[in-house]
Amino acid sequence: MKWNLNNNWFTRIIAVFFAVLLFSYVYYEEESRNLSTSPTDGASITGSEVITNIPIDIVVDRDQYFVSGIPETATILLEGPQAILTQTLATQNFNIVTPDLNELGPGTHTVSLEADGLSDQLDYSISPSEFELTIEEKKVEEHDIRVEFNEAAHLADGYTAGTPVLSTEAVRVSGAESTVDQISDVMVVVVPEESNVSEDIQMTLNVLVLDGTGDPLNVNIDPQQVDVRIPVEGTQRSVPIVLKKTGSADENYQYDLEISQGQPENVNATGETDALEALKNFPVEVDVSGITESTVRTVPLILPEGITETDPEELEVLIRVTPNDSENTGDSAE
C-alpha cells in the first residue's frame, strides 16, 4: 500500500495522533508529581534517621546479679516511611534493651541489643551491634567511712583539727562478688579550697572505694556523697593576767591597778606551740597618763608574737588613784 503524503486528511490524522500522545505524556508526568508530593500519601516516601546517646535498659535481676561491660548509650539507625519516622522522632517512645540476662546466668557473654516499642514498618540497626559483658553474683556489704585530712598542710599555725563529723558513718557497697572482696578502704579525702585554715571545715565529698593498691573499684555506693565537718581549734593555754602601768604618771598621785570585779584573772591564749610554751603569764599594759582620780578603763589585750587570739580580747581594769598629799596630812596628824 502506498501512503499519499500529500493528502490533507492523512496529514491531519498524523497531527491529531501526536497531539494526543503529547497530552498523555504531560498528564502522566503531572499525576506522578502530585502523587509523590501529596500529604495524604506521605507513607510512600521513605527516609532514614540516626538517633544517638540513647540509654540502654538492662534486663536483669539487680538483686541477684551485677553486670559489667555494658556501654552507657547506643546509636540507632532507623529506615522506613517518612511519616512513621517523623512520629517516632517526635515521641521517641521506644527503648534499646539487652536480652534477658537472667537466662544467660553468671559468666562472660556476647550479646546484641534490641529495640523495643518501634513500629513494625521501620527497619533498624543498632551500634554497637554486639559486645561482651560479664554477669556475676551480686554481693552487698556495709563499710565505715574513713576521713583523710592532712592537718599540717592545710591548717594555720597554732590550730589543730578535731574529730571529723559525718552525715553518715557508713555506706552500703554492692557489686560483683569478686570485686567487693577486693575492698581495702572506704574513705573521703578532705582538701580545703584555701590554705592556712583557722575555721571549721565543711564540705560535701564523694565516697571512694579502693582496693589494696589504692585504685577505685567498680561498685555501687549508697550514699555516693557525705557531708563532712572538721572542727578546727587553735592550740590554747590559760595563763594568769599581769597588769603593768605605762604612760606618764602624775607624781602627785599613787596608782594601783586591779582587775575589775567580774573580770577573769586568766586569759586563754591561742597560737603557735612554741609561743604558748614560752608564755608564763599575759602582760596587760594600762596607760595612766592624765588620770587624777580613780576610774575603770577597758584595755585591749595586745597579742604577743606567735599568739593569734585571746579570750577575752579586752579587759576592764580599775585604776585606783590616791593623792600623795593626803598621806602626808595623815602622818602630821599623828
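One numbering rule holds for all chains: residues counted from 1, following each sequence as written. Since the coordinates come from a predicted model, pLDDT governs what is reported: local features require at least 70, and pairs of side-chain atoms require 80 or more to be given and counted, while whole-chain, interface and lining totals use all residues. To obtain the side-chain values, all non-hydrogen atoms of the structure were included, while hydrogens and water were left out.

A. Inspection of the overall build of the protein at higher detail. Helix numbers and strand numbers start at the N terminus; a helix is a DSSP run of H or I with at least 4 residues, a strand a run of E with at least 2. When its secondary structure is counted, the protein shows 6 helices and 25 strands. Expressed as a percentage of its 334 residues, the buried residues of the protein come to 31%. Computed with the Shrake-Rupley method and a 1.4 Å probe, the accessible areas treat only the protein chains shown as cover for residues. Accessible surface computed for the protein: about 21400 Å², of which carbon and sulfur atoms make up 45%. Residue burial is assigned from relative accessible area. The probe radius is 1.4 Å, only protein chains are included, and a residue is buried under 20% of its type maximum, exposed over 50%, and partly exposed in between.

B. Seen up close, the nonpolar core. Membership of the largest hydrophobic core comes to 25 residues, with the highest contact counts inside it found for Ile145, Ile201, Val207, Val209 and Val228. Those elements giving two or more residues to this core turn out to be strand S12 (170-176), strand S13 (185-190), strand S14 (201-206) and strand S17 (225-230). Of all hydrophobic cores here, the second largest spans 24 residues; its members include Ile51, Ile76, Phe94 and Ile135. To form a nonpolar core, buried Ala, Val, Leu, Ile, Met, Phe, Trp, Tyr and Cys residues must be joined to one another through side-chain atoms within 4.5 Å.

C. Summary view of the sheet that holds strand S15 (residues 208-210). Two strands pair if DSSP finds at least two bridges between them. One open sheet accounts for 3 strands, arranged S9-S13-S15; its pairing is mixed. Among the strands making up the open sheet, the edge pair consists of strand S9 (146-149) and S15. Here the strands of the sheet are splayed against their neighbours by 40 degrees on average, with no regard to which way each runs. The sheet contact formed by S13 and S15 spans 3 bridges and is antiparallel. Each axis is a line fitted through C-alpha atoms, taken for helices only over the stretch in contact, and angles between the N-to-C directions span 0 to 180 degrees.

D. Fine view of the side chain of Thr310. Within the element layout of this structure, Thr310 appears in strand S24 (residues 307-311). Here the side chain of Thr310 touches Pro312 through a polar contact of 2.9 Å, landing on its backbone oxygen. By the criterion applied in these results, polar contacts are pairs of N or O atoms within 3.5 Å in which, for protein atoms, one can donate a hydrogen and the other can accept it, and in which residues neighboring in sequence qualify only through two side-chain atoms.

E. Molecular detail of the sheet that holds strand S11 (residues 165-166). Strand order in the open sheet formed by 3 strands is S11-S17-S14, and the pairing between neighbours is antiparallel. Edge positions in the sheet fall to S11 and S14, since each has one partner strand and no second. In this sheet, S17 lies alongside S11 in antiparallel orientation, the contact comprising 2 bridges. Pairing of Val165 across the sheet is with Arg229, part of S17.

F. Region of the structure containing the pairing of strand S3 (residues 73-81). With 8 bridges connecting them, strand S1 (residues 46-57) and S3 associate as antiparallel partners. Opposite Gly47, over in S3, you have Gly80 as the bridge partner. Sheet topology note: the S3/strand S7 (residues 123-127) ladder contains 5 bridges and is antiparallel. Residue pairing in the sheet places Thr75 in a bridge with Ser127 of S7.

G. Focus on the confidence of the model for the protein. Taken over all residues, the pLDDT of the protein has a mean of 87, while the share at 70 or more is 85%. Below pLDDT 50 for its whole length, residues 35-43 participates in 4 contacts with residues either more than four positions away or in separate chains. Here residues 327-334 is modelled with pLDDT under 50, and outside its nearest four sequence neighbours on either side it reaches 2 contacts, counting other chains as well. The pLDDT value expresses, per residue, how confident the predictor is, ranging between 0 and 100. Two residues qualify as a contact provided that any one of their heavy atoms is within 4.5 Å of a heavy atom in the partner residue.

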